[in-house]
Amino acid sequence: MRSRYFVTGTSLLIGSVVVTLGVIMSPALTGVQQETKANLAKTDSTPYGPLTGADKDFVVKVRLAGLWEFPSGELALKKGTTSAVKTAGEHLIVGHAQLDAAVRNIAPKLGVQLPNKPTPQQQGFLDTLTAATGKDFDSRMAQILRITHGQIFSAIAKIRATSKNTLVRQLATQANTVVLDHITQMENTGMVDYASLPGQITATPTQGPDFTKPVMPRPGEPMVVLKAPPSLAGKGEAPTPSPPAPVDDTPSASPAPATPAVP
């Protein structure tokens, strides 16, 4: 799996691939090329409800997120210097293995083609983490993953609120839980620089549109499957959201308060 996701050697020295914290943030940081309004406006009919271009784009984004965050979690387990960083790695692996299973299940039902590789931008994130060591790795991982999860969080909420497709809404609900958990894990490392988050989120990249364009598999290419190892059984699970408290709206059976006695 390692050779599938990581590049080594001189490629790490190429400026357009190695991404530093100062230039990684953009509205497209989740790895999907900005679609035209015409493409996003297209709506298909499915047995699960209408499927818009934005719905399809979201399904692809979930897949792409796992293709680089899953191996980021593997790096955290291998290179992290604190238990909090290693725990964050466990959550990245387990959470994205679960999301990937869900997205691979619904994609063929919705007729959505999934990529097999991270975008060049996402590969740049991985290259940056692969090259880092020690405390530098810890801080870069926490900052990069905190920023990327923070940006996609609002996009998930929008899809969940607007999609009329039941499968997409289910995926968005699951993704919301996983992403919030990953945000929390990054913050638990104690290495997130909150002061720099706004500027990094709004910075504009200079690498061009292909930098965030998904690479679709060739015909006949086997699908990459993200699967958590047995050693992580029972670990890295996002907390189950608590159901809302029941509301008792039946008429009260308690007696009316007594009228105070007049002195």
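Residues numbered from 1 in each chain as written. Predicted model: local features only at pLDDT ≥ 70, side-chain atom pairs only at ≥ 80, totals over all residues. Heavy atoms only, no water.

**Description of the overall build of the protein chain**
The line we're drawing: The secondary structure listing takes helices from DSSP runs of H or I that are at least 4 residues long and strands from runs of E that are at least 2 residues long, numbered from the N terminus. The cut-offs for exposure are 20% and 50% of the maximum accessible area for each residue type, with area from a 1.4 Å probe on protein chains only; residues under the lower value are buried, those over the upper are exposed, and the others partly exposed. In what follows, residue pairs with any heavy atoms lying within 4.5 Å of each other are defined as contacts. Where accessible areas are quoted, they stem from the Shrake-Rupley method and a 1.4 Å probe; at the residue level, only the protein chains shown are allowed to cover.
Per the secondary structure count, the protein chain includes eight helices and two strands. In sequence order, the secondary structure elements of the protein chain are arranged as α-α-β-β-α-α-α-α-α-α. Each of the 263 residues in the protein chain was classed as buried or not, and the buried ones make up 44%. For the protein chain, restricting intrachain contacts to residue pairs at least 6 apart in sequence, the fraction spanning at least 24 positions comes to 83%. Entry remark: accessible area of the protein chain is about 13,500 Å², with carbon and sulfur atoms responsible for 60%.

**Some words on the confidence of the model for the protein chain**
The cut-off we apply is this: Each residue carries a pLDDT value, the predictor's own confidence for that position, ranging from 0 to 100.
Mean pLDDT over the protein chain works out to 79, with 71% of the residues at or above the 70 mark. Looking at the elements of the protein chain, mean pLDDT is at its lowest for helix α1 (residues 2-5), recorded as 38, and at its highest for helix α4 (residues 83-110), recorded as 97.

**Some thoughts on the environment of Glu-74**
By the secondary structure assignment, Glu-74 is in helix α3 (residues 53-79). Residue class for Glu-74 comes out partly exposed when judged on its relative accessible area of 26%. On a C-alpha basis, the gap between Glu-74 and Lys-86 in space is 9.0 Å, while along the polypeptide they are 12 residues apart.

**Here's the deal with helix α5 (residues 120-131)**
The line we're drawing: Multiply 1.5 Å by the residue count of a helix minus one, and that product is the helix's expected span.
When the terminal C-alpha atoms of α5 are compared, their 16 Å separation across 12 residues agrees well with the 16 Å that a helix rising 1.5 Å per residue should span. Within the sequence span of α5, burial applies to Gln-121, Gln-122, Gln-123, Gly-124, Phe-125, Leu-126, Asp-127, Thr-128 and Leu-129.

**Considering the packing of α4 against helix α6 (residues 134-162)**
Note the following rule: An axis is simply a line fitted to the C-alpha atoms; with a helix, the fit covers only the stretch in contact. Between two such axes, the angle follows the N-to-C directions and lies from 0 to 180 degrees. Orientation is classified from the angle alone, with under 35 degrees giving roughly parallel, over 145 giving roughly antiparallel, 65 to 115 giving roughly perpendicular, and any other angle giving oblique. It is the rotation of the near helix from the far one that decides the hand of a crossing: anticlockwise by less than a right angle makes it left-handed, clockwise makes it right-handed.
With their axes 11 Å apart at the nearest point, α4 and α6 run at an angle of 40° to one another. What the angle tells us is that α4 and α6 run oblique. Crossing of α4 against α6: the hand is left-handed. Together, Val-85, Ala-88, Leu-92 and His-96 of α4 and Phe-137, Asp-138, Met-141, Leu-145 and His-149 of α6 make up the contact between the two elements.

**Quick look at the packing of aromatic side chains**
The criterion, for reference: Each pair of aromatic rings taken from Phe, Tyr and Trp, with Trp reduced to its six-membered ring, is defined by centres within 6.5 Å and is described as stacked if the planes are under 30 degrees apart, edge-to-face if over 60, and tilted in the remaining cases.
Overall, the coordinates contain one aromatic pair when judged by the stated rule. Consider the rings of Trp-68 and Phe-125, whose centres lie 4.8 Å apart with planes at 55°: the pair is tilted. Here Trp-68, found in helix α3, pairs with Phe-125, found in helix α5; they are 57 residues apart in sequence, far enough to count as distant. Across this residue pair, the class does not change: Trp-68 and Phe-125 are buried.

**Here's the deal with the nonpolar core**
Selection criterion: Remark: nonpolar core denotes a set of buried residues (Ala, Val, Leu, Ile, Met, Phe, Trp, Tyr, Cys) joined through side-chain atoms within 4.5 Å.
Counting residues in each nonpolar core, the largest one holds 33 residues, and the members touching the most others are Phe-58, Val-59, Leu-110, Val-112, Ile-156, Val-168 and Leu-171. Breaking this core down by element, the ones donating at least two residues are α3, α4, α6 and α7 (166-188). Among the elements that make up this core, the one with the highest residue count is α4 (nine residues). Leaving out residues up to four positions away in the same chain, Ile-156 has contacts with Phe-58, Ala-172, Ala-175, Asn-176 and Val-179.

**Overview of the pattern of salt bridges**
The condition is simple: What makes a salt bridge here is a side-chain nitrogen of Lys or Arg within 4 Å of a carboxyl oxygen of Asp or Glu, nothing more.
Throughout the structure, instances matching the rule amount to six salt bridges. Here Arg-140 and Asp-136 are joined by a salt bridge, their closest N and O atoms 3.2 Å apart. Linking Arg-140 with Asp-136, this pair stays in helix α6, spanning four residues, or about one helical turn. Of the residues examined, Arg-140 reaches a relative accessible area of 22% and is grouped as partly exposed. For Asp-136, a relative accessible area of 37% gives the class partly exposed. Here Glu-187 ties to Arg-146 by a salt bridge, and the two come within 3.1 Å at their closest N and O atoms. Taken as a pair, Glu-187 in helix α7 and Arg-146 in helix α6 lie far apart in primary sequence, 41 residues in all. Relative accessible area serves as the criterion here: at 13%, Arg-146 is assigned to the buried category.

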